[in-house]
Amino acid sequence: MAKILIVDDEPRIRQLIREYLEHDGHDCTEATDGSAALAVLSAQTFDLVVLDIMMPFVDGMTCLREMRTRKIATPVIMLTARGEEYDRIAGLENGADDYVVKPFSPRELVARVKAVLARTMPQRPSEGSCYTFGDLTVDTASHSVKIGGQEVNLTPKEFDLLVFLAENKGIALSREKILQKVWNYDYYGEDRTVDTHIKMLRAHLGAHRNDIVTVWGVGYKFDPKV
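Please read all numbers here as calculations on a predicted model, not as lab measurements. For every chain, the first residue of its written sequence is number 1, and the numbers climb from 1 along that sequence. For this predicted model, a pLDDT threshold of at least 70 governs which residues receive local features, and a threshold of 80 or more governs which side-chain atom pairs are given and counted, while totals over whole chains, interfaces and linings are taken from all residues. Working from all heavy atoms in the structure, the side-chain values ignore hydrogens and water.

### Quick look at the overall build of the chain
- Broken down by element type, the chain carries 8 helices and 12 strands.
- Both definitions apply: the radius of gyration is a C-alpha atom measure, and the globule rule equals 2.2 Å times residues to the power 0.38. Whereas a compact globule of 226 residues would reach a radius of gyration of roughly 17 Å, the chain reaches 18 Å, a difference of no more than 12%.
- Overall size of the chain, expressed as C-alpha extent along the three principal axes, is 55 × 35 × 30 Å.
- Burial status follows relative accessibility: with a 1.4 Å probe on protein chains alone, a residue under 20% of its type maximum counts as buried, one over 50% as exposed, and anything between as partly exposed. Looking at the chain as a whole, 49% of its 226 residues qualify as buried.
- Surface accessibility follows the Shrake-Rupley procedure with a 1.4 Å probe radius. Residue values consider only the protein chains on display as shielding. As displayed, the chain offers around 10900 Å² of accessible surface, 50% of which is attributable to carbon and sulfur atoms.
- When the 28 basic and 34 acidic side-chain charges of the chain are each reduced to a single mean position, those positions are 4 Å apart. Secondary structure is summarised from DSSP: a helix means a run of H or I of at least four residues, a strand means a run of E of at least two, and numbering begins at the N terminus for each. Charge counting treats Lys and Arg as positive and Asp and Glu as negative, with His and both chain ends excluded. In plain terms, the charge of a residue is placed at NZ if it is Lys, CZ if Arg, CG if Asp and CD if Glu.

Here it is, written out as structure tokens:
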């Protein structure tokens, strides 16, 4: 069972999502806009946020940016309007983990929730693995990344992406392969999703940003020069 925060200004949408997620065994809390969501997130810990973009007062995109500014790394599934590609890309760039286009199938949303939770809820063995590349360390047991002993704050998806790259050091990985392994086979994504998260991950890695090499016509390769 996961604790899920549903944020939407439409009561019927919140009720519909809640009914399906509670039927799937989850514990749900509701918020009517981004401001209310931030207040709840400051007081409680959640495993996932389902966040609508178009809301009065504080919209979903502003809420997401503020979450990440406050170092609230809770995974987020955005609800976007049909055809609004800009919203989807902006959401990913601001740290969203997935998106669902309105009007949506509740069953599809439940499937997306399951996929995100499978990737982000603690399920790693206690011994884990630790990868070291110069002063960069990636520790799967503690779910941490450090550069020069300083903690690097990554979203769950950025962390999973870095781990997959580190596990395949020196191997050219296609975008399709990265989507399959990091976003799971049932993720309905696109190449730009990978490119967007690579861009965000590089931004966090400082001097190690060039360890992630673009392999033109293929995808990406983790190739640290140490």
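### A few points about the pattern of salt bridges
- Each salt bridge in this description consists of a side-chain nitrogen of Lys or Arg and a carboxyl oxygen of Asp or Glu lying within 4 Å of one another. Counted under the stated rule, the structure contains 14 salt bridges.
- Ionic pairing is found between Asp8 and Lys102, a salt bridge with its closest N-O pair at 3.0 Å. Highlighted residues: Asp8 in the loop between strand S1 (3-7) and helix H1 (11-23) and Lys102 in strand S5 (residues 98-102), separated in sequence by 94 residues. Each member of the pair Asp8 and Lys102 is classed as buried.

### Section: the pairing of strand S7 (residues 136-139)
- Alternating residues of S7 divide into Leu136 and Val138, all buried, and Thr137 and Asp139, none buried.
- At least two DSSP bridges between two strands are needed for those strands to be called paired. Pairing analysis gives 4 bridges linking strand S6 (residues 130-133) to S7, with the strands arranged antiparallel. The residue bridging Cys130 from the neighbouring strand is Asp139, located in S7.
- Turn length for the S6-S7 hairpin, with the two strands adjacent in sequence and antiparallel, is 2 residues, and the turn residue Gly134 shows positive phi of about 65°.
- Both S7 and strand S8 (residues 144-147) contribute to a ladder of 4 bridges, which runs antiparallel. Bridge pairing in S8 links Val138 to Val145.
- Taking the residues between adjacent antiparallel strands as the criterion, S7 and S8 are bridged by 4 residues, where His143 takes a positive phi near 55°.

### Re helix H4 (residues 85-93)
- Where H4 is concerned, the buried positions are Asp87, Arg88, Ile89, Ala90, Gly91 and Leu92.
- Gly95 lies just past H4 and shows a positive phi near 110°.

### Quick notes on the packing of helix H2 (residues 34-43) against helix H3 (residues 60-69)
- Two numbers describe how H2 lies on H3: the axes approach to 9 Å, and their chain directions differ by 25°. Put simply, H2 runs roughly parallel to H3. Our pair here, H2 against H3, has a crossing hand that is right-handed. Residues Gly34, Ala37, Leu38 and Leu41 of H2 touch H3, and the partners they reach there are Cys63, Glu66 and Met67.
- Three classes are used, and their members are as follows: Ala, Val, Leu, Ile, Met, Phe, Trp, Tyr, Cys and Pro are nonpolar, Asp, Glu, Lys and Arg are charged, and the others, Gly among them, are polar. Within the contact of H2 with H3, the residues separate by chemical class into 5 nonpolar, 1 polar and 1 charged. Note on definitions: angles span 0 to 180 degrees between N-to-C directions of axes, and those axes are lines fitted to C-alpha atoms, for helices only across the stretch in contact. Convention used here: angles under 35 degrees read as roughly parallel, angles over 145 as roughly antiparallel, angles from 65 to 115 as roughly perpendicular, and any remaining angle as oblique. It is the rotation of the near helix from the far one that decides the hand of a crossing: anticlockwise by less than a right angle makes it left-handed, clockwise makes it right-handed. Residues count as neighbours in contact if any of their non-hydrogen atoms are within 4.5 Å of one another.

### Digging into the side chain of His26
- Note that His26 resides in the loop between H1 and strand S2 (27-31).
- Exposure remark for His26: the relative accessible area of 12% places this residue in the buried category.
- Counted as a polar contact is a pair of N or O atoms within 3.5 Å, where, for protein atoms, one must be capable of donating a hydrogen and the other of accepting one, and residues adjacent in sequence contribute only when both atoms are in side chains. Side-chain polar atoms of His26 contact the backbone nitrogen of Ala2, separated by 3.2 Å.
- Residue contacts for His26: discarding those within four places in its chain leaves Met1, Ala2, Ile4, Leu21, Val113 and Leu117.

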